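Breakdown of the fold
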Amino acid sequence: MSISEVLPAGSVRPASAPRHIPAPAILPEIGPGQLWLIELSAAQSEPSALGHAIEHANVVIYDRVFADAVARSLPLGGYAEPAASADEAGDPAAARAVRFACDGWSVVRLLPSRPTQRERIARVRRLVEELAATKAPGDVPVTVLGELGDGVCAPTHTRLDRLDLVVVTYPRDARLTIVIGGAGGGIGGDAAARLYAVAGNGLAG
């Protein structure tokens, strides 16, 4: 059975307990309320080493160019949906990803790599604006990793209100993974952790 269930007004939410599975040593563990932005090359037949998070997140929101890669990597019972396109009015995919994370689910947002620096900063700022609208504090921990060729740069640890200052230090060729929310709690803070505990006990429906 899928971990999603259809709700009134066409909304969708995960229905079973969030999975909390350790990631490789260089990456943070994927935890409740975390939001992962992962840049992938459309030419890659499989997600990169950093894209392993697809297998462990509760929700995957992806650009349609990655539909085949997501279909190959999504585990049985996983939930994924294609992203609505951003426009001048806003970024519906960013808003949806933030909503899921604020509800306590671990979320992966897959994005094409090699954007212009301006496009990359615009992505980040749209996301930060969505988080600000939820009253997420500026000191939410953030980890940024850059992948160049076959190598992964050492992680940079920062906070939400300084994220754009860190992102501009990476070259355009780097594929970034940005993890918003730390091991002690995600965007939803204590609320996310409490929801995770309740869902883990099989009491969420």
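Worth saying up front: this structure is predicted, and the values here are computed from it rather than measured.

On to the packing of aromatic side chains. Counted under the stated rule, the structure contains zero aromatic pairs. Over the ring of Phe100 we find Arg99, and its NZ or CZ is 5.8 Å from the ring centre.

Moving on to the pairing of strand β5 (residues 79–82). The side-chain alternation of β5 yields one buried face, formed by Tyr79 and Glu81, and one unburied face, formed by Ala80 and Pro82. Bridge count between strand β4 (residues 59–62) and β5: four bridges; the pairing is parallel. Across the sheet, residue Val60 finds its bridge partner in β5, namely Ala80. In terms of handedness, the path from β4 via helix α1 (residues 67–73) over to β5 forms a crossover that is right-handed.

In this section: the pairing of strand β6 (residues 107–112). For β6, the buried fraction is high: five of the six residues fall into the buried class. Note that strand β3 (residues 35–40) and β6 share six bridges and pair parallel. Bridge pairing in β6 places Trp36 opposite Val108. In this sheet, β6 lies alongside β4 in parallel orientation, the contact comprising four bridges. Bridging across to β6, Val59 finds its partner in Val107.

Once that is clear, we can look at the side chain of Thr158. Looking at the secondary structure, you find Thr158 in strand β9 (residues 156–159). The buried category is assigned to Thr158, whose relative accessible area is 16%. The contacts of Thr158, once residues within four sequence positions are left out, are Val140, Pro141, Val142 and Val166.

On to the nonpolar core, then. Formed by 33 residues in total, the largest nonpolar core has its most connected members in Leu35, Ile61, Val107, Leu127, Leu131, Ile178 and Ile180. Element by element, the count of residues in this core is highest for helix α2 (residues 92–102), at six residues. Leaving out residues up to four positions away in the same chain, Leu35 has contacts with Ala97, Val98, Ala101, Val107, Leu127, Ile178, Val179, Ile180 and Ile187. The next biggest cluster of nonpolar side chains, apart from the first, holds 14 residues, and it includes Ile38, Leu40, Ala57 and Val70.

Now for the confidence of the model for the chain. In the predicted model, the chain carries a mean pLDDT of 74, and 68% of its residues have values of at least 70. Within the chain, no element has a lower average pLDDT than strand β1 (residues 4–6), which sits at 34, and none a higher one than β4, at 93. A low-confidence stretch, residues 1–23 stays under pLDDT 50, and its non-local contacts, those more than four residues away or across chains, total 64 contacts. The model gives residues 190–205 a pLDDT under 50, and that stretch makes 17 contacts with residues more than four places away or in other chains.

Let us now look at the pattern of salt bridges. Using the criterion set out here, one finds eight salt bridges in the structure. In this structure, the salt-bridge partner of Arg96 is Glu81, at a minimum N-O distance of 2.4 Å. Taken together, the residues Arg96 in helix α2 and Glu81 in strand β5 connect sequence positions 15 residues apart. With respect to burial, Arg96 and Glu81 carry one shared label: buried.

The next subject is helix α3 (residues 117–133). In a regular helix each residue adds 1.5 Å, so 17 residues correspond to 24 Å; α3 covers 24 Å between its end C-alpha atoms and thus fits that length. Taken residue by residue, α3 has Arg120, Ile121, Arg123, Val124, Leu127 and Leu131 as its buried positions. The buried side chains of α3 occupy one side of the element, clustering within an arc of 155° when seen end-on. Residues of α3 that are exposed and angled more than 90 degrees away from the buried face: Arg118, Glu129 and Ala133.

Closest axis-to-axis distance for the α2/α3 pair is 9 Å, and the angle between their directions is 45°. When the axes of α2 and α3 are compared, the pair comes out oblique. The two elements α2 and α3 meet at a crossing, and its hand is right-handed. The segment α2 lies against α3, with Ala94, Ala95 and Val98 engaging Leu127, Glu130 and Leu131. Here the residues of the contact of α2 with α3 sort into five nonpolar, no polar and one charged.

The rules behind these values
Residues numbered from 1 in each chain as written. Predicted model: local features only at pLDDT ≥ 70, side-chain atom pairs only at ≥ 80, totals over all residues. Heavy atoms only, no water. Phe/Tyr/Trp six-rings, centres within 6.5 Å; stacked < 30°, edge-to-face > 60°. Lys NZ or Arg CZ within 6 Å of the ring centre and 35° of its normal. Buried < 20%, exposed > 50% of the residue type's maximum accessible area, 1.4 Å probe, protein only. Helix = DSSP H or I, 4+ residues; strand = E, 2+ residues; numbered from the N terminus. Pairing = 2+ DSSP bridges. Right-handed = clockwise from strand over helix to strand, strands pointing away. Contact = heavy atoms within 4.5 Å. Core = buried A, V, L, I, M, F, W, Y, C linked by side-chain atoms within 4.5 Å. pLDDT = per-residue confidence, 0-100. Salt bridge = Lys/Arg side-chain N within 4 Å of Asp/Glu carboxyl O. Expected span 1.5 Å × (residues − 1). Arc of directions from axis to C-beta. Axes fitted to C-alpha atoms, helices over the stretch in contact; angles between N-to-C directions. Parallel < 35°, antiparallel > 145°, perpendicular 65-115°, else oblique. Left-handed = near helix turned anticlockwise from the far one by under 90°. Nonpolar A, V, L, I, M, F, W, Y, C, P; charged D, E, K, R; others polar.

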